[in-house]
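One letter stands for each residue in the lines below.
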Amino acid sequence: MSKELNFKQELTAAFGQPIAENPTQVMVEAAYRHHNLDWRYLTIEVSPEGLKDAVAGARAMGFRGFNCTIPHKVAVIEHLDGLGESASLMGAVNCVVRRGDRMIGENTDGKGFVESLRTLTDPEGKKVVIFGAGGAARAISVEVALAGASHITIVNRSEARGNELVSLLKAKLPVGVSFVPWKGDYSISDGTDVVINATSIGLFPDVEARLALDTSTLKEGMVVADVIPNPPTTRLVSDARSRGCRVIDGLGMLVNQGVIGIKYWTGVDPDPSVMRRALEEVFGA
Ligand code: NDP
């Protein structure tokens, strides 16, 4: 349960940079302080072999819930008492919430993304292009479909992974879906409303890495979103801004999944701007 070890594991996997403190912890505790909540958010490393005991321990110690990350997002499910709708559709949990005496698994990644998307546009009836088919793309596509998007195009390098995600969406959600294997620079077709990078391209330290995308096909007024939180201003974010697109950076998703988690656990609606500022300090944005 070494704090230092967990920092290395979690930060390297999710943020690509060893930062002195865990960004999620800094963000959540900033909200707790701001709202005078006498709560703590602890960073605790749990090995795969220790997961069952850790969940039992959280129950025994009266935790109101916890976040979990790779490699526990799927494995934790068998130790819980039930799942929220999107966690059940995705088969992955990143946020556990005690409801009465039941521990319920939720997935706040996609919900956090949709919350930040709603600040610019309502996903209902929109045509969406998503780059990537990993965990982030899965969470975002399920939630965007639940929010009523009319069509989702998944663009991914690995065809097997792309087809797997498309099959899941087709089987479980009332949304038009297509898969495009990612070869060469992708052109966004006219009529696309929202473009999302849900790959790890652009994550520190590979900040110069470029999405294979013909940026001349990004049109003024399109919404372009990037999941990369570090650095918040990725190459895609600056290209999209200079093309006149409306842009959401990766801090938006991170802040909003934190907002939803805090609301689930404490019942308090935290101030997202306090949480964003805390993250900007961590990332030097
Ligand atoms: P996964 O490993 O599950 O998926 C990675 C995806 O990126 C795959 O689709 C992979 O394609 C694609 N990819 C990676 N490198 C390349 C490349 N060079 N060219 C083309 N495609 C590439 O990761 P996650 O989905 O869990 O996470 C993705 C990113 O999302 C991470 O950087 C993470 O920081 C960020 N994230 C941000 C959150 C936030 O709150 N802002 C929350 C969760 C994640 P392929 O299948 O072909 O390998």
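One can find the structure itself at the top, above this paragraph.
Residues numbered from 1 in each chain as written. Predicted model: local features only at pLDDT ≥ 70, side-chain atom pairs only at ≥ 80, totals over all residues. Heavy atoms only, no water.

A. Region of the structure containing the sheet that holds strand 9 (residues 223–226). The strand order across the open sheet built from six strands is 7-6-5-8-9-10, with neighbouring strands paired in parallel fashion. The open sheet is flanked by strand 7 (176–181) and strand 10 (246–248), the only strands paired with a single partner. Each strand of the sheet is rotated relative to its neighbour by a mean of 15°, with strand direction disregarded. When strand 6 (residues 151–156) meets strand 7, the two strands line up parallel, connected through six bridges. The residue bridging Ile-152 from the neighbouring strand is Val-177, located in strand 7. (Pairing = 2+ DSSP bridges. Helix = DSSP H or I, 4+ residues; strand = E, 2+ residues; numbered from the N terminus. Axes fitted to C-alpha atoms, helices over the stretch in contact; angles between N-to-C directions.)

B. Fine view of the environment of Pro-123. Along the chain, Pro-123 turns up in the loop between helix 5 (108–118) and strand 5 (127–131). With a relative accessible area of 1%, Pro-123 lands in the buried category. Sequence separation between Pro-123 and Gly-148 is 25 residues, and the spatial gap between their C-alpha atoms is 6.3 Å. Setting aside residues up to four positions removed in sequence, Pro-123 forms contacts with Val-114, Leu-117, Arg-118, Val-144, Ala-147, Gly-148 and Ala-149. (Buried < 20%, exposed > 50% of the residue type's maximum accessible area, 1.4 Å probe, protein only. Contact = heavy atoms within 4.5 Å.)

C. Fine view of the packing of aromatic side chains. Tallied over the entire structure, the rule returns four aromatic pairs. On the numbers, 6.0 Å between centres and 50° between planes, the contact of Tyr-32 with Trp-39 is tilted. Assessed through its relative accessible area of 3%, Tyr-32 is described here as buried. Among the residues examined, Trp-39 registers a relative accessible area of 27% and is labelled partly exposed. For the pair Phe-131 and Trp-182, a centre-to-centre distance of 4.8 Å together with 35° between the ring planes defines the contact as tilted. One end of the pair, Phe-131, is in strand 5; the other, Trp-182, is in the loop between strand 7 and strand 8 (194–197), and 51 residues separate them in sequence. For the pair Phe-131 and Trp-182, one class covers both residues: buried. Chaining the aromatic ring pairs together yields one cluster made of Phe-131, Trp-182 and Tyr-186. (Phe/Tyr/Trp six-rings, centres within 6.5 Å; stacked < 30°, edge-to-face > 60°.)

D. Highlighting the pattern of salt bridges. Scanning the entire structure with this criterion turns up 13 salt bridges. As a salt-bridge pair, Asp-269 and Lys-263 come within 3.6 Å of each other at their nearest N and O atoms. Exposure remark for Lys-263: the relative accessible area of 37% places this residue in the partly exposed category. One salt bridge connects Glu-280 with Arg-276, and the closest N-O pair in it is separated by 2.9 Å. Of this pair, Glu-280 and Arg-276 both sit in helix 10 (residues 272–283), four residues apart, roughly one helical turn. For Arg-276, a relative accessible area of 27% puts it in the partly exposed group. Taken together, the shared-partner salt bridges connect Asp-249, Arg-276 and Glu-280 into one network. (Salt bridge = Lys/Arg side-chain N within 4 Å of Asp/Glu carboxyl O.)

E. Inspection of the nonpolar core at higher detail. Core analysis: the largest hydrophobic core is formed by 37 residues, its most contacted members being Phe-113, Ile-130, Ile-140, Ile-154 and Ile-196. For this core, the element with the most residues is helix 6 (residues 135–146), which contributes six residues. Split by domain, this core shows at least three residues from each of two domains, domain 1 (3–108 + 253–283) and domain 2 (111–248). Judged by nonpolar contacts, the second largest core, of 17 residues, contains Val-28, Ile-262, Met-275 and Phe-283. (Core = buried A, V, L, I, M, F, W, Y, C linked by side-chain atoms within 4.5 Å. Domains from an automatic or database assignment.)

F. Quick look at unusual backbone geometry. Between Phe-204 and Pro-205 the backbone carries a cis peptide bond, its omega angle lying at 5°. Here Asn-230 and Pro-231 are connected by a cis peptide whose omega angle stands at 0°. For Pro-231, the position within the fold is in the loop between strand 9 and helix 8 (235–242). For Asn-36, which is not glycine, the phi dihedral falls at a positive 50°. Structurally, Asn-36 is set in the loop between helix 2 (23–34) and helix 3 (51–60).

G. Looking closely at helix 10. If you check helix 10, its first and last C-alpha atoms are 16 Å apart, about what twelve residues at 1.5 Å a residue would give, namely 16 Å. Buried within helix 10 are the following residues: Val-274, Met-275, Ala-278, Leu-279 and Phe-283. Looking down the long axis of helix 10, one finds its buried residues gathered within 165° of arc, a one-sided arrangement. Residues of helix 10 that are buried in the fold lie against helix 2 and helix 9 (250–266). Residue Gly-284 follows helix 10 closely and has a positive phi angle near 60°. (Expected span 1.5 Å × (residues − 1). Arc of directions from axis to C-beta.)

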